[in-house]
Amino acid sequence: MTETELAALIEKAFDYRGDVTVDLKDGRQVVGYLSNRNLQGAEHCREPFVEMMIAGQPELARICCREIAGIRLTGEDTAAGKSWEEWVAKQTTKKKAQGKA
Amino acid sequence: MSVPVSQAFTICSYVIRQRLKGNKYYPLVLMLEPLFRCNLECAGCGKIQYPEHVLERRLTPEQCFHAAEECGAPVISLPGGEPLIHPEIKEIVEGLVARKKYVYLCTNALLLKRKLDLFTPSKYFTISVHLDGMEEEHDQSVCREGTFKNAVEAIREALKRGFRVTTNMTLFEGANPERVRAFFDYLTELGVEGIMLSPGYSYSHAPDQKHFLNRNRTHDLFNRILANPKKAWQFNQSPLFLEFLMGHRDYNCTPWGMPTYNIFGWQKPCYLLQDGYALTFKQLIAETDWSHYGHHTQNPLCRDCMVHSGYESTAVNDTFGSWEGFLRTVKVTLFGGLGKGYRNGRQAELAAQLAASGHGQKPASACGCGCSASEQKEPVDAGKPSEQKERV
């Protein structure tokens, strides 16, 4: 995977509202919510990294981008199916059902 | 403006101190989100869409105090999620008040009546209840019936017990200016200390993308609502910000003025956009490329945003940074006249923009005759808010 491809993948995972699985080059997998990414590096960490919130772990896990082999969007997308239109449709159905009862 | 004198003095002296120090990037209000979990699922909100293990997390009181001390803002807003769900909200509020911070607890009020006993009335503590309009509009906005009644009941109880109570309102596409004005009358009668207003803004994670306002329509809507405001209406925000919403003043965004801290860290660059997180407030200021944000930068994400979290601190800076801004604030605060006296400047430009854009009528105040914007209303059906939204 090229650096550009990896950057695009990280961006997609960062925007995703569900858990992701990060496949590391050494074969390990990390599952959690990708809450932050810094592809330029920061003052406290010169190397590009991602940060993940992992269930049951109090601290954010930081992973260097060079260790990442791939990222998959594996958790439920918590933003899916929650549009305004869907809410209105649901309300209409509910009201109709109440009217019949 | 309905802020108590002591609070106005604290903010004024803080801003003057920062300016004397030559500090450009100073915060006015810390948006401290102690959790994302909420007991409502509003269609306009993208703050709650996270996996369960993220929603379960909360900032500890110590993390909250550390964030408050680290950034030094004199005012702290506690939104969320719903802060009253936080099991240590009492400790958080008490600790911040003990540090002499002006705390605004932003709540949907579903739990307020039951949890009022946790708190003690104080000039440092304000309960800011989310109300987006009268019963029909509000319940539709928060996607749950009965919420308005519940909130009003809680407001009455809080006022009875001597708490400072304000309301905060987000206005979306399709809002009916007449209904909003009637809502202000209702809140005034209810006895709240002040009303906070902000236009809804289509930030990337909000599921209801369709009903947010663009810039010209924001000007148009706020002109219709705020032209000839009643003297009794009290707004808990800068009059210059309100005039900015009406299109009479042009400001750029100062996102560092209301920084956000939550379980992920210090949010870059602002309350609404999520472009990553910094470990410390110092890093947030140093590492964020601020020149990339604000509507003057042509950043498409910022093009239509006029939200208070980006622009109210600019308005406050204007008050204390220019004689014109200071005198205007004093004049409007003491004598009223919000939006008046601009007819040869920004209003004419606004009227031309609105005419060119082909939507909305010329704002009444743009004609210069002082007639009420509310008299030039669009033929909207107040009884069908969802259809109003659909129609746009």
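Residues numbered from 1 in each chain as written. Chains lettered and ligands numbered in written order. Predicted model: local features only at pLDDT ≥ 70, side-chain atom pairs only at ≥ 80, totals over all residues.

(A) Region of the structure containing the overall build of chain B. Looking only at helices and strands, one finds 15 helices and nine strands in chain B. Residues classed as buried in chain B amount to 53% of the 392 residues present. Restricting the contact set of chain B to residue pairs at least 6 apart, pairs at least 24 apart contribute 74%. (Helix = DSSP H or I, 4+ residues; strand = E, 2+ residues; numbered from the N terminus. Buried ≥ 20, exposed ≤ 12 C-beta atoms within 10 Å, placed from the backbone. Contact = placed C-beta atoms within 7 Å.)

(B) Spatial organisation of the nonpolar core. Counting residues in each nonpolar core, the largest one holds 87 residues, and the members touching the most others are Leu30(B), Ile76(B) and Val103(B). Sequence-distant contacts of Leu30(B), defined by excluding residues within four places in its chain, comprise Ala67(B), Ala68(B), Cys71(B), Ala73(B), Ile76(B), Pro259(B) and Tyr261(B). (Core = buried A, V, L, I, M, F, W, Y, C linked by C-beta atoms within 7 Å.)

(C) Looking closely at the sheet that holds strand E2 (residues 29-38) of chain A. Residues and elements named next belong to chain A. As summarised here, the arrangement of the five strands in space is E4-E3-E2-E1-E5, forming an open sheet in which the pairing is antiparallel. The outermost strands of the open sheet, each flanked by one partner alone, are strand E4 (61-64) and strand E5 (68-72). Across the sheet, the axes of successive neighbouring strands diverge by a mean angle of 45 degrees, strand direction being ignored. In terms of strand pairing, E2 meets strand E3 (residues 49-53) through five bridges, oriented antiparallel. Bridging across to E3, Arg37 finds its partner in Val50. (Pairing = 2+ DSSP bridges. Axes fitted to C-alpha atoms, helices over the stretch in contact; angles between N-to-C directions.)

(D) Representation of the packing of helix H3 (residues 61-71) of chain B against helix H4 (residues 89-98) of chain B. Residue and element names in this part refer to chain B. Packing of H3 against H4 leaves a shortest axis separation of 9 Å and a crossing angle of 30 degrees. Considered as vectors, H3 and H4 are oriented roughly parallel to each other. As H3 packs across H4, the resulting crossing turns out to be right-handed. Along the contact surface, H3 presents Pro61, Cys64, Phe65 and Ala68, while H4 presents Glu91, Ile92, Gly95 and Leu96. (Parallel < 35°, antiparallel > 145°, perpendicular 65-115°, else oblique. Left-handed = near helix turned anticlockwise from the far one by under 90°.)

(E) Spotlight on unusual backbone geometry. Residues and elements named next belong to chain B. Here the bond from Gly80 into Gly81 is cis, since omega is 10 degrees, no more than 30 degrees from zero. Secondary-structure assignment places Gly81 in the loop between strand E2 (75-78) and H4. A positive phi angle, near 70 degrees, is found at Gln298, a position not held by glycine. Taking the C-beta count within 10 Å as the criterion, Gln298 has 8 such neighbours and is therefore assigned exposed.

(F) Region of interest: the sheet that holds strand E9 (residues 274-278) of chain B. Residue and element names in this part refer to chain B. Taken in spatial order, the nine strands make up an open sheet running E6-E5-E4-E3-E2-E1-E7-E8-E9, and their pairing is mixed. The strands lining the two open edges of the sheet, one partner per strand, are strand E6 (194-199) and E9. Between one strand axis and the next, the sheet turns through 30 degrees on average, direction left out of account.

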